[in-house]
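Topology and contacts: notes
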Amino acid sequence: MQMSAEAIAVEGVSKRFRVVTIPKQMTLKEAVVGLRLSRPSVKRERFVNAINNVSFAVAGGTTLGVIGRNGSGKTTLMRLLAGIYIPDCGSIRIPGEIAPLLSLGVGFHPDMTGRENVKINGLVLGMSPRQIEDKFEEIVEFSELREFIDVPVRTYSSGMYVRLAFAVAVSVDPDVLLLDEILAVGDEAFAAKCIARMRDLKEKGKTIVLVTHDPAALLEWCEAAIWMDRGSVRLHGPPQQVVDAYHEDLHRSPEADIAVG
């Protein structure tokens, strides 16, 4: 495998979300008294900064690991890379084809069958109807869901969701594969099958961005790593250096969240 020019370039990206406050229910008496006593008030909007001025680059053929506490901005970052969210400022450049596997069942319609969802997801990932037809048997075989392919996916277990979603995503033969903790769900045998396919993608020089709960997996798979903290990149460097610094910070903090997620 040879690493090439930048497959992903992120420059000064920020993303914030509006906080929606749901007012408590009032009794009729409280409403009447409130109307009589209250003064006109200025409505104020509140925002949460999920990603703050993030910049990094990933060379083609590299697997980048992403770690951080819950709520550190990892999933928001992955959704920005996938094009699900648009940055408020900054830029993201990914020249190649992207296959995102971000959240369980995202893009699946629960009342449609597995077969119908394969077709829909294939189109979303940029495949033509003919390509989906040509790849369909391969997708079904990889997912091991042949006897369930014509039943609604709302009847699927979480492991079955992962099987079908992963099978569709890797059938696209993407230039960039985005994985957000998706391999944490599913049985051991299928996880081994997914790992074998990921090794094949790495050998072909594909670029992978991997958010994982397992530091050992990050050290095994990744050539570089990012530690996300409160929406910012705390450290970007060799995986061992990033994991060591992250663990040291967890042990210093009394409210340490030992999950890498």
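Notes on the structure follow. These figures come from a predicted structure and were not determined experimentally. (Residues numbered from 1 in each chain as written. Predicted model: local features only at pLDDT ≥ 70, side-chain atom pairs only at ≥ 80, totals over all residues. Heavy atoms only, no water.)

With respect to the overall build of the protein
- The helix and strand inventory of the protein stands at eight helices and nine strands.
- Residues counted as buried form 41% of the 261 residues belonging to the protein.
- Of all intrachain contacts in the protein linking residues separated by at least 6 positions in sequence, the fraction that spans at least 24 positions is 75%.
- A total accessible area of about 14,500 Å² is found for the protein, and carbon and sulfur atoms account for 52% of it. (Helix = DSSP H or I, 4+ residues; strand = E, 2+ residues; numbered from the N terminus. Buried < 20%, exposed > 50% of the residue type's maximum accessible area, 1.4 Å probe, protein only. Contact = heavy atoms within 4.5 Å. Areas by Shrake-Rupley, 256 points an atom, 1.4 Å probe, with all protein chains shown as cover.)

A few points about the pattern of salt bridges
- One pass over the structure, following the stated rule, counts 18 salt bridges.
- A salt bridge links Glu138 to Lys135; the shortest N-O distance between them is 3.8 Å. Of this pair, Glu138 and Lys135 both sit in helix H4 (residues 129-143), three residues apart, which is roughly one turn of that helix.
- Look at Glu138 and you get partly exposed, because its relative accessible area is 35%.
- Across the salt bridge formed by Arg234 and Asp229, the nearest N and O atoms sit 2.7 Å from each other.
- The class for Arg234 is partly exposed, based on a relative accessible area of 40%.
- One salt-bridge network, held together by shared partners, links Arg69, Asp229, Arg234, Glu248, Asp249 and Arg252. (Salt bridge = Lys/Arg side-chain N within 4 Å of Asp/Glu carboxyl O.)

A word on the sheet that holds strand S9 (residues 232-237)
- Ordered by their spatial adjacency, six strands build an open sheet running S5-S6-S7-S3-S8-S9, and the pairing between neighbours is mixed. Taken across any chain shown, the strands that pair with only one partner, and hence form the sheet edges, are strand S5 (98-101) and S9. Going from strand to strand, the sheet's axes swing by 15 degrees on average, the running direction of each strand aside.
- Taken together, the five bridges between strand S8 (residues 224-229) and S9 define a ladder with antiparallel strand orientation. Across the sheet, the residue bridging to Asp229 is Ser232, located in S9. (Pairing = 2+ DSSP bridges. Axes fitted to C-alpha atoms, helices over the stretch in contact; angles between N-to-C directions.)

Thoughts on helix H8 (residues 239-252)
- Taking 1.5 Å as the rise per residue, H8 with 14 residues should run 20 Å; its terminal C-alpha atoms sit 20 Å apart, in good agreement.
- Looking only at H8, the buried set comprises Pro239, Val242, Val243, Tyr246, Asp249 and Leu250. Take H8 and look down its axis: the buried residues cluster within an arc of 130 degrees, on one side only. Facing away from the buried side of H8 by over 90 degrees, the exposed positions are His251 and Arg252.
- Next to the buried residues of H8 lie strand S3 (63-68), helix H7 (215-221), S8 and S9. (Expected span 1.5 Å × (residues − 1). Arc of directions from axis to C-beta.)

Describing the packing of aromatic side chains
- Counted under the stated rule, the structure contains six aromatic pairs.
- Residues Phe142 and Phe166 carry aromatic rings whose centres are separated by 5.9 Å and whose planes lie at 15 degrees to one another, so their mutual orientation is stacked. On the criterion of sequence distance, the pair formed by Phe142 in helix H4 and Phe166 in helix H5 (residues 158-171) is long-range, its members being 24 residues apart. Judged on exposure class, the residue Phe142 and its partner Phe166 are both buried.
- Both rings, one in Tyr156 and one in Tyr161, keep their centres 6.3 Å apart while their planes meet at 70 degrees; by these two values the pair is edge-to-face. For the pair shown, Tyr156 and Tyr161 are each scored as buried.
- Of note, Lys193 hangs over the ring of Phe142, and the distance from its end group to the ring centre comes to 4.8 Å. (Phe/Tyr/Trp six-rings, centres within 6.5 Å; stacked < 30°, edge-to-face > 60°. Lys NZ or Arg CZ within 6 Å of the ring centre and 35° of its normal.)

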